[in-house]
Amino acid sequence: MSTTPSLSLSPAVLHRLVQEGRAPRLLDVRTPAEFRTVHIPGSYNVPLATLREHRAELTAHLDEDVVLVCRSGARGAQAEQALAEAGLPNLRVLEGGVVAWEAAGAPVERGPERWDMERQVRLVAGSIVLVTGLVGVFVPGAHLIGTAIGAGLTYAAVSNSCAMGVLLSRLPYNRGPRPDIRTVIAELRSTS
């Protein structure tokens, strides 16, 4: 975990900067499927895993005016830490992510509707707990699987990470076409 607090930017301030033509670079670190469903116009999709893997390459093409965007802010903070470790200072995270941006009435681009990662995790975890609870009536000890899922969700909240989300992000439903890092860097160069 980062020892320095995340610098954030409110949706209202970011919207004003965009309207004034002073928009910072927006890096959306959600999965490609989440990005295709809804994103802020002009943002670049660099999934968190790609950003971590290619952070040195990316920092060479980013200025100091970068705002990291995700669904609600957690992945943005992780991306901030990764880029800060690679030497990029003064990063900001969009407060409340795309959810807050949209709630503020700011413009978004929409694609085909898909469930966001948090909703998928709730469905899978809840289903496992429900099924193992019911099966536990007939099979002694089956409820312990649900207990393990509960422990995993507790750890995910405390550590601000989610192993189940990472696994679900690898499903074909969530992958879609992964942004090619060379294409992203070329786009970043062309708008410098």
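Check the entry above for the structure.
Attention here is on the structure that accompanies the text. The structure displayed is predicted, hence computed values, not measured ones.

What counts as what
Residue indices begin from 1 for each chain and proceed along its sequence in written order. Selection of residues for local features in this predicted model requires a pLDDT of at least 70, selection of side-chain atom pairs for listing and counting requires 80 or more, and totals for whole chains, interfaces and linings are taken over all residues. Values reported for side chains reflect all heavy atoms of the structure, with hydrogen atoms and water molecules removed beforehand. Should DSSP find at least two bridges between two strands, the strands are regarded as paired. Helical segments are the DSSP runs of H or I of at least four residues, strand segments are the runs of E of at least two, and each set is numbered from the N terminus. Any two residues whose heavy atoms approach within 4.5 Å are treated as being in contact. Note on method: axes are straight lines fitted to C-alpha atoms, helices fitted across the in-contact stretch only, with angles between N-to-C directions ranging 0 to 180 degrees. Remark: exposure states derive from per-residue accessible area (1.4 Å probe, protein chains only) relative to the maximum for the residue type, with buried under 20%, exposed over 50%, and partly exposed in between. The crossover handedness rule: strands pointing away from the viewer, path from first strand over the helix to second strand clockwise, crossover right-handed. We define a salt bridge as a contact between a side-chain nitrogen of Lys or Arg and a carboxyl oxygen of Asp or Glu at a distance within 4 Å. Classification of ring pairs rests on two measures: the distance between centres of Phe, Tyr or Trp rings, Trp counted by its six-membered ring, which must be within 6.5 Å, and the angle between planes, read as stacked under 30 degrees, edge-to-face over 60 and tilted in between. A positively charged side chain is recorded as over a ring if its NZ (Lys) or CZ (Arg) lies within 6 Å of the ring centre. The angle to the ring normal must also be within 35 degrees. What makes a nonpolar core is a set of buried Ala, Val, Leu, Ile, Met, Phe, Trp, Tyr and Cys residues whose side-chain atoms join them at distances within 4.5 Å. Throughout, the term roughly parallel applies to angles under 35 degrees, roughly antiparallel to angles over 145, roughly perpendicular to angles from 65 to 115, and oblique to all others. When the near helix sits turned anticlockwise from the far one by under a right angle, the crossing is termed left-handed; a clockwise turn instead gives a right-handed crossing. A 1.4 Å probe that fits into a set of points on a 1 Å grid over the protein atoms alone but cannot get out defines a cavity; an open set with protein on both sides within 12 Å along at least five of seven lines defines a pocket, and lining residues are those with an atom within 4 Å of a point. Grid points are joined across faces, edges and corners, and a volume is the space filled by probe spheres set on the points. Three classes are used, and their members are as follows: Ala, Val, Leu, Ile, Met, Phe, Trp, Tyr, Cys and Pro are nonpolar, Asp, Glu, Lys and Arg are charged, and the others, Gly among them, are polar.

A few points about the sheet that holds strand S2 (residues 25-28)
Here five strands make up an open sheet; going across it, the order is S1-S6-S5-S2-S4 and the pairing parallel. Edge positions in the sheet fall to strand S1 (8-9) and strand S4 (44-45), since each of these pairs with one other strand and no more. Of the pairings in the sheet, the one linking S2 to strand S5 (residues 66-69) comprises four bridges and is parallel in character. By the bridge assignment for S5, Arg25 is matched with Val66. Each of S2, S5 and strand S6 (92-94) is contacted by helix H5 (residues 74-85), which is oriented at about 140° to S5, the strand it contacts most.

Focus on the pairing of S5
In S5, alternate side chains face the same way, and those of Val66 and Leu68 on one face and Val67 and Val69 on the other are all buried. Of the strand pairs in this sheet, S5 and S6 are connected by two bridges, and their pairing is parallel. Within S6, the position partnered with Val67 by the bridge is Arg92. A crossover connection joins S5 to the parallel S6 through H5; in handedness this β-α-β unit is right-handed.

Some points on the pattern of salt bridges
Per the counting criterion, the structure on display carries nine salt bridges. Linking Glu20 and Arg22 is a salt bridge whose minimum nitrogen-to-oxygen distance equals 2.6 Å. A relative accessible area of 42% means that Glu20 is categorised as partly exposed. Notably, a salt bridge pairs Arg122 with Glu118, separated by 2.8 Å at the nearest N-O pair. Pair noted here: Arg122 and Glu118 are both in helix H7 (residues 117-135), with a separation of four residues, about one helical turn.

Some thoughts on the packing of aromatic side chains
Scanning the model with the defined rule gives zero aromatic pairs in all. Lying over the aromatic face of Trp115, Arg119 brings its terminal NZ or CZ to 3.9 Å of the ring centre.

So, the nonpolar core
Counting residues in each nonpolar core, the largest one holds 20 residues, and the members touching the most others are Leu27, Leu51, Leu58, Leu62, Leu68 and Leu83. Within the residue set of this core, elements represented by two or more residues are helix H3 (48-53), S5, H5 and helix H11 (181-190). Among the elements that line this core, the one with the most residues is H11, at four residues. Judged by nonpolar contacts, the second largest core, of twelve residues, contains Leu9, Leu17, Ile40 and Trp101.

Quick word on the packing of H7 against helix H8 (residues 143-159)
At a minimum axis distance of 7 Å, the contact between H7 and H8 shows a crossing angle of 150°. Classified by the angle their axes make, H7 and H8 are roughly antiparallel. The handedness of the crossing between H7 and H8 is left-handed. Counted together, Val121, Ala125, Ile128, Val129 and Thr132 of H7 and His143, Ile145, Gly146, Ile149 and Leu153 of H8 form the full contact between these two elements.

Quick word on the layout of surface pockets
Any empty space left between the atoms is revealed when a probe the size of a water molecule rolls over them. For the largest pocket, the calculated volume is near 970 Å³. Together, 35 residues line the largest pocket, and Arg75, Met117, Cys162, Gly165 and Val166 are the ones closest to its centre. Within the residue set of the lining of the largest pocket, elements represented by two or more residues are helix H2 (32-37), H3, H5, H7, H8, helix H9 (163-169) and helix H10 (172-175). A total of five residues in the lining of the largest pocket trace back to one element, the largest contributor, which is H7. Considering only residue class, the lining of the largest pocket consists of 15 nonpolar, ten polar and ten charged. Within this model, the second largest pocket holds a volume of roughly 220 Å³. Along the walls of the second largest pocket sit 14 residues, with Thr37, Val38, Arg71, Arg114 and Asp116 positioned nearest its centre. Those elements that place two or more of their residues in the lining of the second largest pocket are H2 and helix H6 (97-103).

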